[in-house]
Amino acid sequence: MDPDDDSPPTDAAAALRLIQDQRSATARRLDPDARLLYWPWGVAWLIGFGLFFLRFTPGDRALVHLPSWLPLTVLFVLLATAGAIQAVVSVRAYGQVTGDSARRGQWYGYAWALGSVSVYAGLGRISEHLPHDLAALLWSATAVGLTGALHMAGGAVWLDQDLFRLGVWISVINLVGAIAGPGWHPLVVAVAGGGGILAAGALARRRQRQRQRQRQQP
């Protein structure tokens, strides 16, 4: 079959192959590489919270003498980069999707934005009355806890087991880090949280490939 020929296929087998190819191409566009949705966040947590642990270790010691402003700045930059990557990938994949799925995505995005702003506004009024180590624990534990809860909510909305399980994992390791106390929380979040997000992205990508192979089978 000539790829430059726009005329319809002349036999049923060729028509079936053409339909399958088109379905596979559409599925790939609507199912972006999961690594692009997970791994930027995993890297941000691993590096950002890792720097927090190196600079603000338990007992107000510093394993690595870094400027006090550097860990938070790096974390914000990496989180903003991860958010931008996810936004671009999502718009390319779902920009033409309409109906209930698009509405769920919009409302879920609003929940992230409004929930984060409202929580952080309250933390800002409280943390100024706490010692530095407890204020840092309050901010990080609340932010990570909110992330875990919203991941579970997203998994429930879309019946996405991977997303729900990741939310459960994030919530559990956040609890462990909060109990461990100031200084230890960023280490737990960096290693178990960031590493967990990277692992979740790898598993989600493997399932994507399995689904793609199944679609290609006659």
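Placed above this text is the structure.
It should be emphasised that the depicted structure is a prediction, and the values quoted were computed from it without experimental measurement.

With reference to specific residues and values, describe the environment of L203.
Of note, L203 is situated in helix α7 (residues 184–216). For L203, a relative accessible area of 39% puts it in the partly exposed group. Taking the C-alpha atoms as reference points, L203 and R35, 168 residues apart in sequence, are found 9.1 Å from one another.

Break down the environment of T73 for me, with residues and values.
In this structure, T73 sits in helix α3 (residues 70–94). Once the C-alpha coordinates of T73 and G48 are considered, the two residues, 25 residues apart in sequence, prove to be 8.5 Å apart.

Explain the packing of aromatic side chains residue by residue, including any values.
Enumeration over the complete set of coordinates arrives at 7 aromatic pairs. Both rings, one in F49 and one in F52, keep their centres 6.4 Å apart while their planes meet at 40°; by these two values the pair is tilted. Taken together, the residues span about one helical turn, with F49 and F52 both in helix α2 (residues 34–55) at a distance of 3 residues. What makes F49 buried here is its relative accessible area of 7%. We classify F52 as buried; its relative accessible area is 17%. Clustering of aromatic rings is evident, with ring pairs tying together W45, F49, F52 and F56. In this arrangement the basic side chain of R35 is found over the ring face of W39, its NZ or CZ atom lying 5.8 Å from the centre.

Please provide a residue-by-residue account of the nonpolar core, values included.
Core analysis: the biggest nonpolar cluster contains 17 residues, and Y38, W45, F49, V144, L166 and V189 have the highest contact counts within it. Sorting the residues of this core by element identifies α2, α6 (161–180) and α7 as the ones contributing at least two each. The leading source of residues in this core is α2, at 6 residues. Contacts of L166, omitting those with residues within four sequence positions, involve Y38, H151, G196, I197 and A200.

Quick one: what's the story with the packing of helix α4 (residues 100–127) against helix α5 (residues 132–158), residue by residue and with numbers?
Contact geometry for α4 and α5: axes closest at 11 Å, N-to-C directions at 165°. What the angle tells us is that α4 and α5 run roughly antiparallel. Relative to α5, α4 is oriented so that their crossing is right-handed. When its residues are assigned to classes, the contact of α4 with α5 shows 16 nonpolar, 9 polar and 1 charged.

How would you summarise the packing of α5 against α6 if you had to cite specific residues and measurements?
The N-to-C vectors of α5 and α6 enclose an angle of 160°; their axes lie 7 Å apart at closest approach. For the element pair α5 / α6, the angle class is roughly antiparallel. Relative to α6, α5 is oriented so that their crossing is left-handed. Split by residue class, the contact of α5 with α6 holds 12 nonpolar, 10 polar and no charged.

Reading the values: the criteria
Residues numbered from 1 in each chain as written. Predicted model: local features only at pLDDT ≥ 70, side-chain atom pairs only at ≥ 80, totals over all residues. Heavy atoms only, no water. Helix = DSSP H or I, 4+ residues; strand = E, 2+ residues; numbered from the N terminus. Buried < 20%, exposed > 50% of the residue type's maximum accessible area, 1.4 Å probe, protein only. Phe/Tyr/Trp six-rings, centres within 6.5 Å; stacked < 30°, edge-to-face > 60°. Lys NZ or Arg CZ within 6 Å of the ring centre and 35° of its normal. Core = buried A, V, L, I, M, F, W, Y, C linked by side-chain atoms within 4.5 Å. Contact = heavy atoms within 4.5 Å. Axes fitted to C-alpha atoms, helices over the stretch in contact; angles between N-to-C directions. Parallel < 35°, antiparallel > 145°, perpendicular 65-115°, else oblique. Left-handed = near helix turned anticlockwise from the far one by under 90°. Nonpolar A, V, L, I, M, F, W, Y, C, P; charged D, E, K, R; others polar.

Spatial relationships are all this shows, so hold off on functional conclusions.
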